[in-house]
Amino acid sequence: MFTLPSLNYAKNALDPAMSVETLDLHHSKHHQTYVTNLNNLIKGTTLENESLENIIKKLQMIQVKLESLITPDNITITFYSGNVCVQAVVARCQEN
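Fair warning: this is a prediction, and the values are worked out from it, not measured in the lab. (Residues numbered from 1 in each chain as written. Predicted model: local features only at pLDDT ≥ 70, side-chain atom pairs only at ≥ 80, totals over all residues. Heavy atoms only, no water.)

Asks: Hey, could you run me through the overall build of the protein chain in this one?
Replies: Scanning the protein chain for helices and strands turns up 3 helices and 0 strands. Seen in sequence order, the protein chain has helices and strands lined up from the N terminus as α-α-α. At a minimum sequence separation of 6, the contacts of the protein chain that also span at least 24 residues come to 63%. When the accessible surface of the protein chain is summed, it comes to about 7,300 Å², and 58% of that surface belongs to carbon and sulfur atoms. (Helix = DSSP H or I, 4+ residues; strand = E, 2+ residues; numbered from the N terminus. Contact = heavy atoms within 4.5 Å. Areas by Shrake-Rupley, 256 points an atom, 1.4 Å probe, with all protein chains shown as cover.)

Asks: Whenever I open this one, the confidence of the model for the protein chain confuses me. Can you help?
Replies: In this model, the protein chain carries a mean pLDDT of 74, and residues with pLDDT of at least 70 account for 64%. Of all the helices and strands in the protein chain, helix H3 (residues 82-95) carries the lowest mean pLDDT, 50, while helix H1 (residues 20-42) carries the highest, 89. Confidence over residues 73-86 falls short of pLDDT 50; this stretch has 4 contacts with residues more than four positions distant or in other chains. (pLDDT = per-residue confidence, 0-100.)

Asks: Would you take a moment to explain the side chain of Thr-45 for this structure?
Replies: For Thr-45, the location among the structural elements is in the loop between H1 and helix H2 (52-68). Exposure remark for Thr-45: the relative accessible area of 15% places this residue in the buried category. A distance of 2.7 Å separates a polar atom in the side chain of Thr-45 from the backbone oxygen of Ile-42. (Buried < 20%, exposed > 50% of the residue type's maximum accessible area, 1.4 Å probe, protein only. Polar contact = N/O pair within 3.5 Å; in protein donor to acceptor, adjacent residues only side chain to side chain.)

Asks: Could you clarify how one ought to interpret unusual backbone geometry in this entry?
Replies: Where the residue is not glycine, phi is negative for most of them; where a peptide bond is considered, it is trans in most cases. Between Asp-15 and the following residue, Pro-16, the backbone shows a cis peptide bond with an omega angle of 5 degrees. Mapping Pro-16 onto the fold places it in the segment before H1.

Asks: Help me understand the pattern of salt bridges in this model?
Replies: Side-chain pairing between opposite charges can occur once the charged atoms of the two side chains come close. All told, the structure shown has 3 salt bridges when counted by the stated rule. Measuring nitrogen to oxygen at the nearest pair gives 2.7 Å for the salt bridge that ties Lys-11 to Asp-24. Residue Lys-11 is located in the segment before H1, and its partner Asp-24 is located in helix H1; the two are separated by 13 residues in the primary sequence. With relative accessibility at 27%, the residue Asp-24 sits in the partly exposed group. Of the charged contacts, one joins Lys-57 and Glu-53 as a salt bridge, the two residues approaching to 3.3 Å between their closest N and O atoms. (Salt bridge = Lys/Arg side-chain N within 4 Å of Asp/Glu carboxyl O.)

Asks: Help me understand the environment of Ser-51 in this model?
Replies: Tracing the backbone shows Ser-51 in the loop between H1 and H2. The class of Ser-51 is partly exposed, set by a relative accessible area of 35%. It is 9.0 Å that separates the C-alpha atoms of Ser-51 and Phe-2, two residues lying 49 residues apart in sequence.

Shown next as structure tokens:
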């Protein structure tokens, strides 16, 4: 499972361009959400013990396969909401 890395600088290091409150919200809420969502998506799958680099590589392979299915005669693409799409890609990665 992935964890949010600590900042390697003080939270006030970006003052006045970014306040401590804004940086804290951005890091501890926004970025933490990405980490939490990734962990939830890979929990119980073959991706659970993979490195982030390997997960990204597998997602890129799926993207190439999907792009190869798009031809001038077959332009219809269905867009799913973010979670449904990501869950489908994760499920597809497990098959490869």
